[in-house]
Each structure stands twice: as structure tokens, then as C-alpha cells.
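Observations on the three-dimensional arrangement
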Amino acid sequence: MYKYSECENIADCKKWDEGVLLGKNPSFYQSTAFAEGKKLCGYKTKYALVEDEKGNVLLRAVVIIHSFGIYIHRGPICYENGIGALNYFFVEVLERYDLNIFFSSNILELKGGRQLNELCVQNSAYHTMMLKIESSFEKQMAMMNQNRRRIVRKVLRKDNEFVFEQGKHNLDLFLQCMISNNNSLLDNKKLIPEIVAMSKQQFVELYVCKFRGQVISGIMAFVFGEVFESRYNTNSKKYMHLNAGTFLDCNILAKLIEDGIRYYDFAGYDVNAKEGEKEANINYYKRSYGGSVVKFNNYTLRKNKKNYMIEMLK
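Residues numbered from 1 in each chain as written. Predicted model: local features only at pLDDT ≥ 70, side-chain atom pairs only at ≥ 80, totals over all residues. Heavy atoms only, no water.

1. Observations concerning the side chain of Lys-46
Filter applied, for reference: What counts as a helix is a DSSP run of H or I of at least four residues, what counts as a strand is a run of E of at least two, and both are numbered from the N terminus. Each residue's exposure class comes from its accessible area (1.4 Å probe, protein chains only) as a fraction of the maximum for that residue type: buried when under 20%, exposed when over 50%, partly exposed otherwise. Throughout this description, a polar contact denotes any pair of N or O atoms lying within 3.5 Å of each other; where both atoms belong to protein, one of them has to be capable of donating a hydrogen while the other can accept it, and for residues adjacent in sequence the pair is counted only when both atoms sit in side chains.
Structurally, Lys-46 can be placed in strand 2 (residues 44-52). According to the relative accessible area criterion, Lys-46 is buried, its value standing at 14%. Here Glu-6 takes part through its side chain, which lies 3.2 Å from a polar atom of the side chain of Lys-46.

Dropping the structure here:
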């Protein structure tokens, strides 16, 4: 009924990514760009498929293998309403690796997912602020709160010295801005190499605001399908009062409207932040554009549940 296969490299990246976008839960984190970026960071990554007897793809996943378990970020990608292929996928992975599976997605909302949900442990949830992109900048402005609209009008005046640029040629200046805000990043063995690795991938774009030749605000984003995700950000503390972040976001929003992107994902929202904390101020900034909080559940499927899942497949 089902057939499982996996490989470390795929010949047709375009075909894989197009397949991800056709799924019920498409995500950059299941794309070849994310998989290849993680490989450059030293992670063991595989591409997995579940097909039916006719060769139709029912499920695909970017599988990242750690010593402590299998990680599937925002996946697997599913194509059917039922969970038969999903059960089969989990059983195959458990049998091959004998490790706990960690995944973050809302796939358990598929028809029949309740039974599988009972076998998984929900560890936590990831929240983000998702902004719908309107058909014009005027309509986008109407979504913002009064204070954000006031700041937008201020930073978009023709007499300011800001320059908006898109392109990875500004990567070094972007990183310099990040490090100038936090010197400890020089000792971070993961973040900077990760940013450099991801910058080499497709679907990854870099946008900056320059002031007198210096990058004072920047966003490295994942742009995949209908979603723009503001993944890595920096804003110069020295020039924070100039609201360069707002200038940058407004220029990005104008471009997203032009390109037909449907959602701006602000990449995180701390629902536990308390008033006066840094995270609460960041929340306010994101909320001021008029978006909504979206939740992704984080699950663990423990390896000792394999036999229960095999029974579910009978």
C-alpha cells in the first residue's frame, strides 16, 4: 500500500520544492534550501518520501538526524486528508533510527489525527506574528495602529538619508551591524555560520537600510511560496531613534505587495513576555502592523510508541 524511501541528495531540487508547495502545510523548512543550508552547518540531513503503489507522493519530509533524535521542522508535508501515510512514515523512521521524533507542525489536525495525537507528547508551542499582505500600501497602512502610521509617514519623507537595498552583497555589513550590537556573537559557534550558510541558498534574501553608507537595519528573510519570513534581524542601537527598522519594513512591504506575497511572518512572538521587558517591546512593534498571532505545536513521538503505531496501520 505504501512505500518509503530516503536519500541524502536529490537530483531535481526544483521538483522537490514544487512538491512542498503543493502540500497541505507548505513550509520553507521542508525545502531543499533549508536542507542544504543545514548540511553546510554540519547536520546530517535526508529527504524522505512516502508513495502509494502507483508512485504518487503522499508525504515528503526533510529529516534532520541528531544523536538525541530525529527533527522534522514544520513538517512532514502531507497531501491527503487521512493520516495513513503519516503513520506509516513515523513507523518507518522509528524502525530505521530507533530515536525519538521531534516535529513542529499542525499536521495532527488532519482527519483522523486525534488517535495519533494521543501517542504524541506536546512539549511546547511556537508562536509568531503573521501579517496579511494587502493589495496596496494604502490598505496596508490602514492595518497599522495610529502610532505606527505616524512613524511610517515620518521615515518615508523624501528628506531623510535612508537608502533601501536588496541583495546578498551587503552580507558583511549586515553581520557587522549584528556584531556591533552584541560582541558576544563573535563567540557564537552556531548563529553566524548558520547565517552565512543560509545566505548561499535559494529562497533566501537580504534587505538592508543604509544610513550614510552604513547598514543600520537589516533582515535576512526566507521567501518561499506565499510567505516572507523575517528570520534574522539587526537594528543598530546607536541609531535606534531614527526608526530605520520601520523604514526597512515599509519598503519590504511595498515589494511584497508588488510581488504578490500573501503573508509577512515576523518570526516569533513571545506570548509570555511581561510589560517592560525587551520581548514585550518587540511584541508591540510586530503587533503594531496589524497582524495576528499564529501557533505551531511542538511534539515528541517517543520511540517506545512504535508498536502502537504498527497496530494503527492494520
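2. Observations regarding the pattern of salt bridges
Convention followed: When a carboxyl oxygen of Asp or Glu lies within 4 Å of a side-chain nitrogen of Lys or Arg, that pair is called a salt bridge.
Counting across every chain of the model gives 10 salt bridges. The residue Arg-96 makes a salt bridge to Glu-92 at a minimum N-O spacing of 3.8 Å. Residue Arg-96 and its partner Glu-92 are both found in helix 3 (residues 84-97); the two are separated by 4 residues, about one turn of the helix. Taking the relative accessible area as the measure of exposure, Arg-96 reaches 44% and is therefore partly exposed. With relative accessibility at 15%, the residue Glu-92 sits in the buried group.

3. A closer look at unusual backbone geometry
Negative phi values dominate among residues other than glycine, just as trans dominates among peptide bonds. With omega at 5 degrees, the peptide bond leading from Gly-75 into Pro-76 counts as cis. Residue position: Pro-76 is located in the loop between strand 4 (70-73) and strand 5 (77-78). The phi angle at Ala-267 is positive, at roughly 60 degrees, despite the residue not being glycine. The topology assignment puts Ala-267 in the loop between strand 12 (263-265) and helix 10 (278-287).

4. Things to note about the nonpolar core
Selection rule: Residue types Ala, Val, Leu, Ile, Met, Phe, Trp, Tyr and Cys, when buried and joined through side-chain atoms within 4.5 Å, form a set referred to as a nonpolar core. We call two residues in contact whenever any of their non-hydrogen atoms come within 4.5 Å of each other.
Ranked by size, the top nonpolar core spans 32 residues in total, and within it Phe-162, Phe-228, Ile-252, Leu-253 and Tyr-264 carry the most contacts. Looking at this core, the elements that each hand over two or more residues are strand 7 (121-132), helix 5 (137-143), helix 6 (146-155), strand 9 (204-211), strand 10 (214-224) and helix 9 (244-259). No other element matches the 8 residues that helix 9 contributes to this core. Beyond its immediate stretch of four places on either side in the chain, Phe-228 contacts Tyr-207, Ile-219, Ala-221, Phe-222, Val-223, Ile-252, Leu-256, Ile-261, Tyr-263, Tyr-264 and Asp-265.

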